[in-house]
Amino acid sequence: MNPINPQQPTWDAVDRALEQWLAPQDEALRAAMASADHEGLPRIAVSPAQGRLLEVLALAIGARRILEIGTLAGFSTIWLARGLAPGGSLVTLELDPERARLARTNIDRAGCGEPVEIVVGPATQSLEALGATGVPPFDLVFIDADRENCLAYLEHSIALSRPGTLIIVDNAMHRGRLIEQGTGEPSVEGVRSMMDAIRRHPRLKAAGIQTVGAKGYDGMVLVLVGDAPRAAGDPLDILLRHDAWATREVLRACSGLTDEQWHRRFEIGPGSLHDALTHAVGAMLRWADRIDGPPTELRPSIEGIARRTPAELLALLDAAESGLSASADRARARGLGTEFDVTLAGKTHRFTLGATLVHVTTHGIHHRAQCLNMLRHLSVPGISDRLPEIDPLDWQQQAEA
Ligand code: SAH
Ligand code: MG
């Protein structure tokens, strides 16, 4: 049914060359491959060139949590695990306990045993169980098991994703059989129904690519998960967007000040407009890091001796706003009721993600009120008598205008 392509010797040779140039295998990878042969397993693992692609993609997106469906002897698992961000973890699902055992040995020997968990059983059941335990979302999913179930795997993967998750479906071209209509064959119908579902799905953006190489002809589909549909009046969205807008308005008012006025000391809050606004923007950056949690490290505080102009703080605010909104998306995907520990001034507290986001979005209100007070005290014509109205209704009106 699949005649050997006359170009196969070229594809083999080029894949060997790619391996030498770009994807050198170490002893552990070779041993994993040899062990699969020794056990008489089918030669259906990814090639070294494809394994390297998985590693590079995982590194490119900074994957901290990877899900693999279809372990076999753990060959692709090792490449993926080597692409994990420090402190990351990988869950791989395999039906066959013998294969899972062999994979365990291979993965341990490759030195990536610690972050890798192998779950044995039918993948649909394992995926349901993962969903039920409310695990944090995965950053990257590699679907490489039976084609019959690939639509179910895709749907479960989306449920275990966050906006920005990359889902890679291997062997999706079914060596070209993808385009055969009405075969009634479960494997062909499986990939076709998955493609239909991707096209219809409002949150997905996907690319299909045909490949040739040592594995012959096939291909992959790369699926990017987009934003979750959200109600127009979502309170968290309103708070986040209003907060950044209002701080921006205050910073704009400050851009008309002299250096002396911008740094003038008051017995109010952090002590000067510069210090109060630096603190407000710095808090957005630090809370975003805290919300993401380990292995994300807290960025160093932006407060301290460095002096910034209002324009410099406006640029930092842009970065802080988009970073915080991405962290809020991740927090939503994990569940706003998820608890986590925060150490403040040497003392550890436990908060929910929801409570934290309420703190972040209302923290700015407090410091902006101090800033308006300082601006009034400065008595600068054109500024002190024309302070910005920065309540959410005002934001709404400006957004509509
Ligand atoms: N990702 C591996 C190859 C996986 S081959 C690599 O590239 O190295 C596909 C694997 O999926 C096989 O080991 C097979 O046992 C497993 N599999 C098939 N059907 C499954 C199912 N319903 N649930 C879980 N695993 C399944
Ligand atoms: Mg495969």
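Our subject is the structure listed above.
Calculation notes
Per chain, the residues get numbers from 1 upward, laid out in the order the sequence is written. Starting at A for chains and at 1 for ligands, labels are handed out in the order in which the entities are written. pLDDT decides what is reported in this predicted model: residues at 70 or higher carry local features, side-chain atom pairs at 80 or more are listed and counted, and totals for whole chains, interfaces and linings draw on all residues regardless. Each side-chain value is derived from all of the structure's non-hydrogen atoms; neither hydrogens nor water enter the calculation. Here a cavity denotes grid points, spaced 1 Å and computed from the protein atoms alone, that fit a 1.4 Å probe unable to get out, and a pocket denotes an open set having protein on both sides within 12 Å along at least 5 of 7 lines; residues with an atom within 4 Å of a point are the lining. Grid points are joined across faces, edges and corners, and a volume is the space filled by probe spheres set on the points. Classes in brief: Ala, Val, Leu, Ile, Met, Phe, Trp, Tyr, Cys and Pro nonpolar; Asp, Glu, Lys and Arg charged; the others, Gly included, polar. A pair of aromatic rings is counted whenever rings of Phe, Tyr or Trp (Trp by its six-membered ring) have centres within 6.5 Å, and the orientation is called stacked for planes under 30 degrees apart, edge-to-face for over 60 and tilted otherwise. Helix and strand definitions here come from DSSP, where helices need a minimum of 4 consecutive H or I residues and strands a minimum of 2 consecutive E residues; each element is numbered from the N-terminal end. Relative accessibility under 20% of the residue-type maximum defines a buried residue, over 50% an exposed one, and the middle range a partly exposed one, all with a 1.4 Å probe and only protein chains included. Both a distance and an angle decide whether a charge sits over a ring: NZ of Lys or CZ of Arg must be within 6 Å of the ring centre and within 35 degrees of the ring normal. Note on definitions: angles span 0 to 180 degrees between N-to-C directions of axes, and those axes are lines fitted to C-alpha atoms, for helices only across the stretch in contact. By definition in this entry, angles of less than 35 degrees are roughly parallel, angles greater than 145 are roughly antiparallel, angles of 65 to 115 are roughly perpendicular, and the rest are oblique. Take the far helix as the reference: if the near one is turned anticlockwise from it by less than a right angle, the crossing is left-handed, and if turned clockwise, right-handed. Any two residues whose heavy atoms approach within 4.5 Å are treated as being in contact.

## Observations concerning empty space enclosed by the protein
Step number 1: Taken as a whole and assessed by the stated rule, the structure comprises one cavity of 30 Å³ or more.
Step number 2: Its volume calculated, the largest cavity comes out at about 70 Å³.
Step number 3: Around the largest cavity sit Asp243, Thr247, Ala280, Val281, Ala283, Met284, Trp287, His359, Val360, His363, Gly364 and Arg368, which together line it.
Step number 4: Here the residues of the lining of the largest cavity are counted per class, giving six nonpolar, four polar and two charged.

## Structural notes on the packing of aromatic side chains
Step number 1: In the structure shown here, the tally under the stated rule is one aromatic pair.
Step number 2: Between phenylalanine 75 and tryptophan 79 the ring centres are 6.3 Å apart and the planes differ by 80°, which places this aromatic pair in the edge-to-face class. Of this pair, phenylalanine 75 and tryptophan 79 both sit in helix α4 (residues 75–82), four residues apart, which is roughly one turn of the helix.
Step number 3: Looking at tryptophan 79, the relative accessible area reads 1%, which means it is buried.
Step number 4: For arginine 65, the ring lying beneath its charged end belongs to phenylalanine 138, and the centroid distance is 4.4 Å.
Step number 5: One cation-aromatic arrangement involves arginine 290 over tryptophan 287; the distance from NZ or CZ to the ring centre is 4.5 Å.

## Describing the packing of helix α9 (residues 235–254) against helix α13 (residues 353–378)
Step number 1: Contact geometry for α9 and α13: axes closest at 10 Å, N-to-C directions at 25°. With respect to their mutual orientation, α9 and α13 come out roughly parallel. By crossing handedness, the relation of α9 to α13 is classed as left-handed. Seen from α9, the contacting residues are Leu236, Leu239, Leu240, His242, Asp243, Ala246, Thr247, Val250, Ala253 and Cys254; seen from α13, they are Leu357, Val360, Thr361, Gly364, Ile365, Arg368, Cys371, Leu372 and Leu375.
Step number 2: Counted by class, the contact of α9 with α13 contains 13 nonpolar, four polar and two charged residues.

## Describing the side chain of histidine 174
Step number 1: When you line up the elements, histidine 174 lands in the loop between β5 (161–169) and α8 (186–200).
Step number 2: Among residues more than four places away in sequence, those in contact with histidine 174 are Arg147, Ser187, Val188, Val191 and Asp218.

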